[in-house]
Amino acid sequence: MADTIFALATAAGRAAVAVVRISGPATLRTVEALAGRAPAPRMAALRKLRHDGVELDEALVLRFEGPASYTGEDSAEFHVHGGRAVVEALLSALSGLGLRLAEPGEFTRRAFENGKLDLAQAEGVADLIDAETEAQRRQALGQVGGALSQRYDRWRDLLVQSLAMLEAAVDFPDEDLPEEVAERARPGLRVLAEELDAALADVSRGRRVRDGYRIALVGAPNAGKSTLLNGLVERDAAIVTDTPGTTRDVIEVPLVLGGYRVLIADTAGLRETEDAIEAEGVRRARRWAEEADLRLWVVDGFHVKQVEALESTVRPGDWLILNKADIAAADALEEASARWVSEGLVVRQLAARQEGAVAELRTDLAAHVIEALSGAEFPAATRLRHAERLSEARDYLARALSDIGLEVELAAEDVRLAARALEKITGRVDPEDVLGRVFSTFCIGK
Ligand SMILES: Nc1nc2c(ncn2[C@@H]2O[C@H](COP(=O)(O)OP(=O)(O)OP(=O)(O)O)[C@@H](O)[C@H]2O)c(=O)[nH]1
Ligand SMILES: [K+]
Ligand SMILES: [Mg+2]
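All values reported here derive from a predicted model rather than from experimental measurement.

This next bit is on the nonpolar core. One finds L90, L166, V415 and A418 to be the most contacted residues of the largest nonpolar core, which totals 73 residues. Among the elements that line this core, the one with the most residues is helix α14 (residues 408-426), at nine residues. In terms of domain composition, this core takes at least three residues from each of domain 1 (5-102) and domain 2 (125-207 + 382-440). Ignoring any residue separated from it by four or fewer positions in sequence, one finds L90 in contact with V20, L49, L56, D57, F78 and V80. One finds I215, L296, V304 and A351 within the second-largest nonpolar core, a separate group that totals 51 residues.

Here it is in structure tokens:
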């Protein structure tokens, strides 16, 4: 028989109310031991909690009977006064009654094991708890509601239908017809392959909503990158001095733009240097910029010729910030601006020291992030784990398509493997190590 587990479900520390949950076969017995008479299921009741003849607190007690509960088992909640000593006393009473402290994510794991949630939905629960932005909340809630799982189940069903056709071809008694029968699976598999391609193309957007859209500030030393960072995030996150080479480490600052989580990074000024520490900083700067979703090349407008040095590194879609517009020659800025716009860059002239100019840039960046990520709230993948399985399924599908005409049995096996890859995402097939990894990222009490 399963253990009965307990945990504090609300955040640790002093609060008005704290909720302690228990789940498992000993629920009813435990509620009776602490509260005397147990309330009817789903009816909150005020009860004095007592253990070993000592009164612990007066609490609101709520009880659920499995399977109609979060975990699918009998479970209960004690809403107590949120003082540390109260919570401590209740937890030690539960332990004294033979219950065990839950592991991180164990309540949700039980919900998964009892078929209340699939694995992708369970991940959605963890994401919902971690959500800090409106977009993260929408995405996670969609995932809990099964938006992601439904797509995978549909794809899997299509694969199973194709598989049935291929198996029929394998079993076909007449020697001449199997190819024709097998070919009937091809159109469906083709459509599916196209859908998986579209989903894979959208993967990075889904992950960006969850993990943050990455914006890099890069450029020559003293261009004003750190000044711009501080302006954008409205605090002194990075040191600004007139010494070139001030910034060494990558300084990542999270912020919310247009309702999306964004990570903006200030980096070391790019230059050749003998200084080993600075050189490492330059390497890190390049790496971060390379992986960023958006690069802002910051150039000192007073030395606007410096911009020529970027020729080999900038790409269409990058942004060019012509800084220090307060001291630069307006016509030189205009000339540089026209030239780089024609190369496909987004160009802004501003003075990073001036609040108003930076506020305008922040608005432009928010609009850009919204455009880049909107519609990505219900993607086919919000985690690397999903993306890997999705692309695995796509590879098997490609192999199946090329094998249909040649070796029907191999094609059938590939379709089976593709379905298996998709099943792993919702946890229909559940290797223990994947489960362990998914649930260990939860907090205790969930
Ligand atoms: N006049 C003027 N000076 C600026 C402006 N923005 C930055 N500066 C000055 O330029 C100098 C360098 O600024 P930083 O922000 O440290 O430049 P950085 O690009 O981070 O430099 P490194 O970290 O050394 O690569 C400082 O003295 C800033 O005050 C601006 O818009 N106008
Ligand atoms: K500097
Ligand atoms: Mg700097």
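So much for the structure itself; the text now carries on.
The subject of this paragraph is the domain arrangement of the protein chain. Domains assigned within the protein chain are domain 1 (5-102), domain 2 (125-207 + 382-440) and domain 3 (212-373). When each unit is reduced to the centre of its C-alpha atoms, the spacing between domain 2 and domain 3 is 41 Å. Facing the six residues of domain 2 at the interface are five residues of domain 3. Sorting elements by how many residues they give to the side of domain 2 that touches domain 3 places helix α5 (residues 134-144) first, with three residues. Per-class residue counts for the side of domain 2 that touches domain 3 are one nonpolar, two polar and three charged.

An order of β8-β9-β7-β10-β11-β12 is seen for the six strands of this open sheet, with the pairing classed as mixed. Edge positions in the sheet fall to β8 (251-257) and β12 (346-349), since each of these pairs with one other strand and no more. On average, each strand axis in the sheet is inclined to that of its neighbour by 25°, with strand direction left out of account. Where strand β11 (residues 319-323) and β12 come together, four bridges link them in parallel fashion. Bridge pairing in β12 links W319 to V346. The strands touched by helix α9 (residues 225-233) are β7 (213-219), β8, β9 (260-266), β10 (294-300) and β11; relative to β9, the strand with the most contacts, the crossing angle is about 155°. The sheet contacts of helix α11 (residues 330-342) involve β11 and β12, and relative to β12 the element is tilted by about 165°.

Rules and cut-offs
Residues numbered from 1 in each chain as written. Chains lettered and ligands numbered in written order. Predicted model: local features only at pLDDT ≥ 70, side-chain atom pairs only at ≥ 80, totals over all residues. Core = buried A, V, L, I, M, F, W, Y, C linked by C-beta atoms within 7 Å. Buried ≥ 20, exposed ≤ 12 C-beta atoms within 10 Å, placed from the backbone. Helix = DSSP H or I, 4+ residues; strand = E, 2+ residues; numbered from the N terminus. Domains from an automatic or database assignment. Contact = placed C-beta atoms within 7 Å. Nonpolar A, V, L, I, M, F, W, Y, C, P; charged D, E, K, R; others polar. Pairing = 2+ DSSP bridges. Axes fitted to C-alpha atoms, helices over the stretch in contact; angles between N-to-C directions.

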